[in-house]
Amino acid sequence: MPGGKPRVLLVTSPYHAGVVEAAGTWMPLAMVYVAGEARAAGAEVEIYDAMSMFVSHDDIARKIAEFRPDIVGTTAITATEPDARVICASAKAWNPEVRTVIGNVHATYCWEEILRDDPSVDFVVRGEGERTIAELVRAVAAGEGYERIAGLAYRKDGVPVSNPPRMLCFDLDRFQPAFDLVDWPLYWYRPSPQGKLAIVSSARGCAQRCSFCSQQKFWGRSWRGRDPLKFVTELEMLRDRHGVAVAMLSDETPTTDRARWERILDLLIERQSGLELLMETRVDDILRDEDILGKYARAGVSHVYLGVESTSQATLDLYRKDIKVTESKRAIDLINEHGMVSETSFVLGTPEETTASVRETVELAKWYAPDMAFFLALTPWPYSDIGPEMESRLVTKDYRRYNLVEPVMKPDNMTIAELHGELHRATGHFFHDKFKNLSRLTPEKRRFMIKVLKLLIENSYLGDEMRRMAGHASMPDSVKEMLRDIGMDVPGPKAAAAT
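Each value, and the rule that gives it
- Residues numbered from 1 in each chain as written.
- Predicted model: local features only at pLDDT ≥ 70, side-chain atom pairs only at ≥ 80, totals over all residues.
- Heavy atoms only, no water.
- Helix = DSSP H or I, 4+ residues; strand = E, 2+ residues; numbered from the N terminus.
- Buried < 20%, exposed > 50% of the residue type's maximum accessible area, 1.4 Å probe, protein only.
- Contact = heavy atoms within 4.5 Å.
- Areas by Shrake-Rupley, 256 points an atom, 1.4 Å probe, with all protein chains shown as cover.
- Expected span 1.5 Å × (residues − 1).
- Pairing = 2+ DSSP bridges.
- Axes fitted to C-alpha atoms, helices over the stretch in contact; angles between N-to-C directions.
- Parallel < 35°, antiparallel > 145°, perpendicular 65-115°, else oblique.
- Left-handed = near helix turned anticlockwise from the far one by under 90°.
- Nonpolar A, V, L, I, M, F, W, Y, C, P; charged D, E, K, R; others polar.
- Salt bridge = Lys/Arg side-chain N within 4 Å of Asp/Glu carboxyl O.
- 1 Å grid on protein atoms, 1.4 Å probe; cavity = no way out; pocket = protein on both sides within 12 Å on 5 of 7 lines; lining within 4 Å.
- Points joined across faces, edges and corners; volume = space filled by probe spheres on them.
- pLDDT = per-residue confidence, 0-100.
- Core = buried A, V, L, I, M, F, W, Y, C linked by side-chain atoms within 4.5 Å.
- Phe/Tyr/Trp six-rings, centres within 6.5 Å; stacked < 30°, edge-to-face > 60°.
- Lys NZ or Arg CZ within 6 Å of the ring centre and 35° of its normal.

A.B. asks: Please explain the overall build of the protein chain as it appears in this structure.
C.D. replies: Within the protein chain one finds 21 helices and 15 strands. Out of the 499 residues in the protein chain, the part that is buried amounts to 56%. Sequence-distant contacts, at least 24 apart, represent 72% of the contacts inside the protein chain between residues at least 6 apart. If you sum the accessible surface of the protein chain, you get close to 20,300 Å²; carbon and sulfur atoms cover 51% of it.

Listed below in structure tokens is the structure:
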């Protein structure tokens, strides 16, 4: 590196939990932003998306040796923290002088544990990482100055220390995401026939106070929105330059500022962007926007996820969701009425959970009538508000299992195995009911849901349960015929009756 540009290799963890992969391959937007700022600081940067390429740690080690980086950076949500450590160890095995960095939410709060326990990790970026990584690139090039970088944690005389926190950047449009470094053929939204996919950001933050969630804590319960025109112009650039047809908003709540959000919708309509948009938002924002939901659909919003989380008001209050059960039902109805796909999730496994209460939730989820619903395990992240309260109930500290799919916390009246089985059963029974009633959907939604079932069966951990339900005797023959038409091996009436 002396006299040249620092070489920075950004690597995602090769981790898979078996759900999100069913619908598509998702671009690591945070790394695209970090790459842009590292490059602006003078680095030569490459993104190696091990997760999306389904490669191994051996492949990552070979990539490190091939690229010969000065800095290897990766990120750690709780489930990927063990893999992030392995990536750093691989870098150090190649060259002990390479600098290793971990960022993201788990590292932000568990930095001391990481630096204390793992000598292969040199730095932890705490909080929003773009400006911190840019300053770190310059410090590595200079060989000094780490103690002046806000938001950076490291070891001093062998002891983990952290510099003061970095203030959030309120001008999000100042960042320069390196979309040109993205390996675009990797990223695809499978339900869409023209599904080249970008992940984009119109806003950051969440001002809510959900007790099980990490995002409101990570962002300090703040919210910042980008300029509507600059955001829409970015979408058009991705469409025209990179062939993007589908854009998923990574924002937790893009709709917080109604005037800004409506301006985005108006621009997308006026400029006829032609893009399909996937998004999530809050129940109360959908209710607030009832009079402009038509604009959502005309602007290209095809899919809206709402974090309903529970059909029990007591559980919603425990989670501090600040919504009512009846409000959730109304919001889902509104999304459906405007032809958009409605998706939600239910978080199960509270201390009071029983087999009966899980099954009651499934029946109520059918009454809510979203197009898609998933049933997740309550997972008390070690840094979440609910974490200390639930710590005594944890059955494992294996962070790889902290993925919302595998239960890690035991209810009073269920075993972990029973809860795990009920979560699988819940999703299977929900979709079984959905597909029994396909005739009630519009033709467009019917086609979408058939694709969804095929993807879940072929690409998710739910495949066995979904396949069993698809072949069940109570599934209408007309649905089975549609499934056969798209290449699924579905038992006929006699074989199905045996199940």
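A.B. asks: What's the story with helix 17 (residues 416-436) in this structure? I'm lost.
C.D. replies: Each turn of an α-helix holds 3.6 residues, which means side chains three or four residues apart point in the same direction. With 21 residues, helix 17 should cover 30 Å at 1.5 Å per step; its first-to-last C-alpha distance of 30 Å lies within 8% of that length. Restricting attention to buried positions, one finds in helix 17 the residues I416, L419, E422, L423, A426, T427, G428, F430, F431, H432, K434 and F435.

A.B. asks: I keep staring at the pairing of strand 7 (residues 159-162) and nothing clicks. Help me out?
C.D. replies: The side chains of a regular strand alternate between both faces of the sheet. In the sheet, strand 6 (residues 152-156) pairs with strand 7 via four bridges, with the strands oriented antiparallel. Note that in strand 7 the partner of R155 across the bridge is P160.

A.B. asks: Help me out: how do you make sense of the packing of helix 3 (residues 57-67) against helix 4 (residues 81-94) in this one?
C.D. replies: Helix-helix packing: each pair is described by the crossing angle between the helix axes and the interaxial distance. It is at 9 Å that the axes of helix 3 and helix 4 come closest, and there the two elements cross at 40°. The pairing of helix 3 with helix 4 is recorded here as oblique in orientation. You can see that helix 3 and helix 4 cross each other, and the crossing is right-handed. For the pair helix 3 and helix 4, contact is made by H57, I60, A61, I64 and A65 and by D83, V86, I87, S90, A91 and W94, respectively. Looking at the contact of helix 3 with helix 4 residue by residue, the classes come out as eight nonpolar, two polar and one charged.

A.B. asks: What is the right way to look at the pattern of salt bridges in this model?
C.D. replies: Think of it this way: side chains of opposite charge can pair up when their charged atoms draw near. Scanning all chains against the criterion turns up 37 salt bridges. Two residues, K63 and E66, come together in a salt bridge whose shortest N-O distance is 3.2 Å. In this pair, K63 and E66 are both assigned in helix 3, three residues apart and thus about one turn of the helix distant. Exposure remark for E66: the relative accessible area of 59% places this residue in the exposed category. Via salt bridges that share partners, R258, D285, R288, D289 and D291 belong to a single interconnected network.

A.B. asks: Is there a simple way to explain the packing of helix 17 against helix 18 (residues 443-459) in this structure?
C.D. replies: Where helix 17 contacts helix 18, the axes come no closer than 11 Å and their chain directions differ by 150°. The handedness of the crossing between helix 17 and helix 18 comes out as left-handed. Within the contact between the two elements, helix 17 uses F431, K434 and F435 and helix 18 uses M449, I450, V452, L453 and L456. Of the residues that constitute the contact of helix 17 with helix 18, the class distribution is seven nonpolar, no polar and one charged.

A.B. asks: Can you walk me through the environment of V200 in this structure?
C.D. replies: Residue placement: V200 occurs in strand 8 (residues 197-200). Along the primary structure V200 and L249 are separated by 49 residues, whereas in three dimensions their C-alpha atoms are 5.1 Å apart. In contact with V200, not counting residues within four places along its chain, are L29, F231, E234, L235, L238, A247, M248, L249, S250 and D251.

A.B. asks: What am I meant to see in the layout of surface pockets here?
C.D. replies: Over the atoms rolls a probe the size of a water molecule, and in doing so it shows where empty space is left. The volume enclosed by the largest pocket comes to roughly 410 Å³. Residue assignment for the lining of the largest pocket shows that the elements contributing at least two residues are strand 13 (301-309) and helix 18. A total of five residues in the lining of the largest pocket trace back to one element, the largest contributor, which is helix 18. Its residues placed into classes, the lining of the largest pocket shows eight nonpolar, seven polar and five charged.

A.B. asks: Quick question: what am I supposed to make of helix 4 here?
C.D. replies: For helix 4, with 14 residues, the first-to-last C-alpha span of 20 Å sits near the 20 Å given by 1.5 Å per residue. Taking burial as the measure, the 14 residues of helix 4 include 10 buried ones, the bulk of the element.

A.B. asks: What is the right way to read the confidence of the model for the protein chain from this model?
C.D. replies: Keep in mind that low pLDDT regions are not for reading the predicted coordinates in detail. Chain-level statistics for the protein chain give a pLDDT mean of 88 and a share of 84% at 70 or above. Taken together, the stretch residues 494-499 has pLDDT below 50 and engages in nine contacts with residues farther than four places along the chain or on a different chain.

A.B. asks: Honestly, the nonpolar core in this entry has me stumped. Any pointers?
C.D. replies: Generally speaking, a soluble globular protein has its nonpolar side chains buried in company with each other. The biggest cluster of nonpolar side chains holds 103 residues, and the ones touching the most others in it are M27, L136, I286, Y296, L306, F375 and F431. Excluding residues that lie within four positions of it along the chain, F375 makes contacts with F346, L348, T361, V362, A365, L423, A426, T427 and F430.

A.B. asks: So what exactly am I meant to see when it comes to the packing of aromatic side chains here?
C.D. replies: To describe a pair of aromatic rings, you give the distance between the ring centres and the angle between the ring planes. The full count for this structure, using the stated rule, is 14 aromatic pairs. Pairing Y399 with Y402 gives two aromatic rings, centres 5.4 Å apart and planes at 90°, and the pair type is edge-to-face. Classification of Y399 as buried rests on a relative accessible area of 11%. Connected via pairs of aromatic rings, a cluster forms that spans F346, W367, Y368, F374, F375, F430, F431 and F435. Cation over ring: R204 sits above Y33, and NZ or CZ is 5.0 Å from the ring centre. Across the ring face of W367, the terminal group of K329 is positioned such that the distance to the ring centre comes to 5.3 Å.

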